[in-house]
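Close look at the chain arrangement
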Amino acid sequence: RNVAKVEFILEEYSGFDPINPGTNPKAYIELYNVPTSLRWDGELYPDNASPEVATQPIREYFKFDSSSPNPVAETISFVIPAHLANSVLTTNKLKFKASMPLNGQEFYGGSENKMEITSIAKANHIIRVKLKFRGQTKLDVNVTVKPWENEIGQGVGGGSDPGFDF
């Protein structure tokens with residue numbers, strides 16, 4: 001697969017307006033500079049150095065579980081086009097904004113100008129962004145990258161997936 005997963009985990013939050021279970025309109029992540037196209041050879045279009053990117057951010061809202069007194073946010077996952085190269089020279093880095101509600105407004109904790117994700121989106125990898133968001137302070141960010149373990153078996157000819165033998 002020629003995609004990468006970018007996960008945002010809200011590990012900790014405090015000092016914000018009360019969070020209701022479900023979706024809150026001011027609690028979200030926006031992802032910027034997302035590549036839109038791949039070439040047939042698995043590289044970014046038109047090239048890895050300066051790929052074509054979406055002109056608008058991709059926004060996902062945090063969904064909060066109601067099973068605890070302090071609702072826990074589900075992980076937000078974006079699946080985006082990614083190149084197959086082992087080493088990438090690119091000027092394009094993903095950026096994001098994170099928002100939580102504070103005094104009825106969106107509060108970005110320093111991410112209002114978009115924070116850069118230093119790791120490059122590579123095919124079959126997961127970029128995990130862990131966030132700690134504490135009231136009127138700056139947003140703490142920890143980024144890790146790991147291989148995307150569950151490879152997709154094609155099941156053609158050899159029958160690597162039960163029920164898909166040809």
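Residues numbered from 1 in each chain as written. Predicted model: local features only at pLDDT ≥ 70, side-chain atom pairs only at ≥ 80, totals over all residues. Heavy atoms only, no water.

Where strand 2 (residues 22-32) and strand 3 (residues 58-65) come together, six bridges link them in antiparallel fashion. Bridging across to strand 3, Gly22 finds its partner in Phe64. Of the strand pairs in this sheet, strand 3 and strand 4 (residues 72-73) are connected by two bridges, and their pairing is antiparallel. Each bridged residue has a counterpart across the sheet, and for Phe64 the counterpart in strand 4 is Ala73. (Pairing = 2+ DSSP bridges. Helix = DSSP H or I, 4+ residues; strand = E, 2+ residues; numbered from the N terminus.)

Moving on to the nonpolar core. In terms of nonpolar packing, the biggest core is built from 31 residues, with Phe8 and Leu131 touching the most fellow members. Secondary structure elements with two or more residues in this core: strand 1 (3-14), strand 2, strand 3, strand 5 (76-81), strand 6 (95-102) and strand 9 (125-134). If one sorts the elements of this core by residue count, strand 1 sits on top with five residues. Leaving out residues up to four positions away in the same chain, Leu131 has contacts with Phe8, Ile9, Leu10, Glu11, Glu12, Ile29, Phe62, Phe96, Ala98, Leu139, Asp140 and Val141. (Core = buried A, V, L, I, M, F, W, Y, C linked by side-chain atoms within 4.5 Å. Buried < 20%, exposed > 50% of the residue type's maximum accessible area, 1.4 Å probe, protein only. Contact = heavy atoms within 4.5 Å.)

Here we have four strands laid out as an open sheet, ordered 5-1-9-10, and mixed in their pairing. Sheet topology places strand 5 and strand 10 (140-147) at the edges, where each strand pairs with a single neighbour. Sheet twist, expressed as the average angle between the axes of neighbouring strands with direction ignored, equals 20 degrees. (Axes fitted to C-alpha atoms, helices over the stretch in contact; angles between N-to-C directions.)

Below, the discussion takes up the pairing of strand 6. The buried count for strand 6 comes to seven of eight residues, which makes it a mostly enclosed element. Pairing geometry for strand 2 and strand 6, over five bridges, is antiparallel. Paired with Tyr28 across the bridge in strand 6 is Ser99. Relative to strand 7 (residues 105-107), strand 6 runs antiparallel, the two sharing three bridges. By the bridge assignment for strand 7, Pro101 is matched with Glu106.

Everything listed here is a matter of coordinates, which is why it stays silent on function.
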